Amino acid sequence: KNQVEQSPQSLIILEGKNCTLQCNYTVSPFSNLRWYKQDTGRGPVSLTIMTFSENTKSNGRYTATLDADTKQSSLHITASQLSDSASYICVVRGTGGSSASKIIFGSGTRLSIRP
Amino acid sequence: DAGVTQSPTHLIKTRGQQVTLRCSPKSGHDTVSWYQQALGQGPQFIFQYYEEEERQRGNFPDRFSGHQYPNYSSELNVNALLLGDSALYLCASSILGTGDGYTFGSGTRLTVV
């Protein structure tokens with residue numbers, strides 16, 4: 001069964017600190033992996049997208065890594081800000097068949113930044 | 001350039017009632033996908049519409065139905081509401097054939113009491 005699992009479920013860190021969120025997936029065959037940021041009560045907004053040939057992708061203070069062999073990805077946030085408080089969702093797209101049903105969402109990591 | 005617009009933003013309904021949620025896609029997008037997101041969970045795919053037809057469907061009962069209009073806007077209808085239908089309903093638009101380049105709306109928060 002295609003799955004996307006994220007850890008930790010929730011995380012609290014102090015403003016200015018760094019953190020790393022994890023995503024493990026079993027989706028196969030694999031097309032790409034996206035990290036989304038979702039503010040409370042809002043829709044997800046894409047942060048990064050990586051195909052299997054890409055190992056790392058940065059977007060400002062956000063850096064995503066991908067190991068397609070071990071089927072693991074991480075999202076590293078540096079110098080956290082209060083506005084980084086949100087849920088971060090890992091989304092994996094498989095190949096073949098109907099595209100929408102091959103897009104699997106993780107349950108997200110709820111990140112809280114404390115002043 | 002407007003992004004994806006959903007209405008209403010919040011809604012409270014009683015068990016057994018019916019509800020209609022609306023979505024206007026991003027300008028230039030022709031495909032609309034609907035997702036249900038329970039509290040603390042990732043979005044779950046309901047169905048996708050293109051050219052006014054339901055193209056794909058997730059594991060949701062027939063109580064969930066939809067429609068797409070010629071202007072690409074879409075509706076999600078849920079009949080015989082259950083308490084478990086309480087969730088954030090997200091609409092995502094895209095251009096067919098461009099993969100998963102979704103733009104999400106802010107969602108409609110449905111509460112069933």
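Residues numbered from 1 in each chain as written. Chains lettered and ligands numbered in written order. Predicted model: local features only at pLDDT ≥ 70, side-chain atom pairs only at ≥ 80, totals over all residues. Heavy atoms only, no water.

1. What about the sheet that holds strand E8 (residues 72-77) of chain A?
All names here are of chain A.
- Strand order in the open sheet formed by five strands is E1-E3-E8-E7-E6, with antiparallel pairing between adjacent strands. With one partner strand each, in any of the chains shown, strand E1 (4-7) and strand E6 (56-59) form the two edges of the open sheet. In this sheet, adjacent strand axes meet at a mean angle of 15 degrees when their direction is disregarded.
- Where E6 lies against strand E7 (residues 62-67), four bridges are found, and the strand directions are antiparallel. Looking at the pairing, lysine 57 lines up with alanine 64 of E7. (Pairing = 2+ DSSP bridges. Helix = DSSP H or I, 4+ residues; strand = E, 2+ residues; numbered from the N terminus. Axes fitted to C-alpha atoms, helices over the stretch in contact; angles between N-to-C directions.)

2. Re the interface of chain A and chain B
- In this complex, chain A contributes 19 residues to the contact, which on the side of chain B involves 18 residues.
- Across the chain A/chain B interface, buried area totals approximately 1500 Å², and carbon plus sulfur atoms make up 51% of it.
- In this structure, the connection of chain A to chain B is made through zero salt bridges.
- The tally of links from chain A across to chain B stands at three residue pairs in polar contact (both at pLDDT 80 or more). (Contact = heavy atoms within 4.5 Å. Buried area = accessible area lost by both parts, 1.4 Å probe. Salt bridge = Lys/Arg side-chain N within 4 Å of Asp/Glu carboxyl O. Polar contact = N/O pair within 3.5 Å; in protein donor to acceptor, adjacent residues only side chain to side chain.)

3. Notes on the pattern of salt bridges
- Across all of its chains, the model carries five salt bridges over all chains by this definition.
- For lysine 57 of chain A, the salt bridge is made with glutamate 54 of chain A, and the minimal N-O distance between the two is 3.3 Å.
- For glutamate 75 of chain B, the salt bridge is made with arginine 22 of chain B, and the minimal N-O distance between the two is 3.5 Å. Of this pair, glutamate 75 of chain B sits in strand E8 (residues 74-78) while arginine 22 of chain B sits in strand E3 (residues 19-24); the two residues are 53 residues apart in sequence, bridging distant segments of the chain.
- Accessibility expressed as a relative area gives 15% for glutamate 75 of chain B, which makes it buried.
- Judged by relative accessible area, arginine 22 of chain B falls into the partly exposed class, the value being 42%. (Buried < 20%, exposed > 50% of the residue type's maximum accessible area, 1.4 Å probe, protein only.)

4. Things to note about the sheet that holds strand E1 (residues 5-7) of chain B
Residue and element names in this part refer to chain B.
- An order of E1-E3-E8-E7 is seen for the four strands of this open sheet, with the pairing classed as antiparallel. Among the strands making up the open sheet, the edge pair consists of E1 and strand E7 (64-68). The average angle at which neighbouring strand axes cross in this sheet is 20 degrees, direction not considered.
- Relative to E8, E7 runs antiparallel, the two being bridged by five bridges. For glutamine 68, the partnering residue across the bridge sits in E8 and is serine 74.

5. Concerning the packing of aromatic side chains
All names here are of chain A.
- Following the criterion strictly, the structure yields eleven aromatic pairs over all chains and no others.
- With 5.1 Å between their ring centres and 25 degrees between their planes, tyrosine 25 and phenylalanine 30 make a pair best called stacked.
- Since its relative accessible area comes to 4%, tyrosine 25 is described here as buried.
- Judged by relative accessible area, which is 14%, phenylalanine 30 ranks as buried. (Phe/Tyr/Trp six-rings, centres within 6.5 Å; stacked < 30°, edge-to-face > 60°.)

6. Thoughts on the confidence of the model for chain A
- Considering every residue of chain A, the mean pLDDT works out to 91; 93% of them sit at 70 or more.
- Across chain A, the secondary-structure element scoring lowest on mean pLDDT is strand E10 (residues 103-105) of chain A, at 86, and the one scoring highest is E8 of chain A, at 98. (pLDDT = per-residue confidence, 0-100.)

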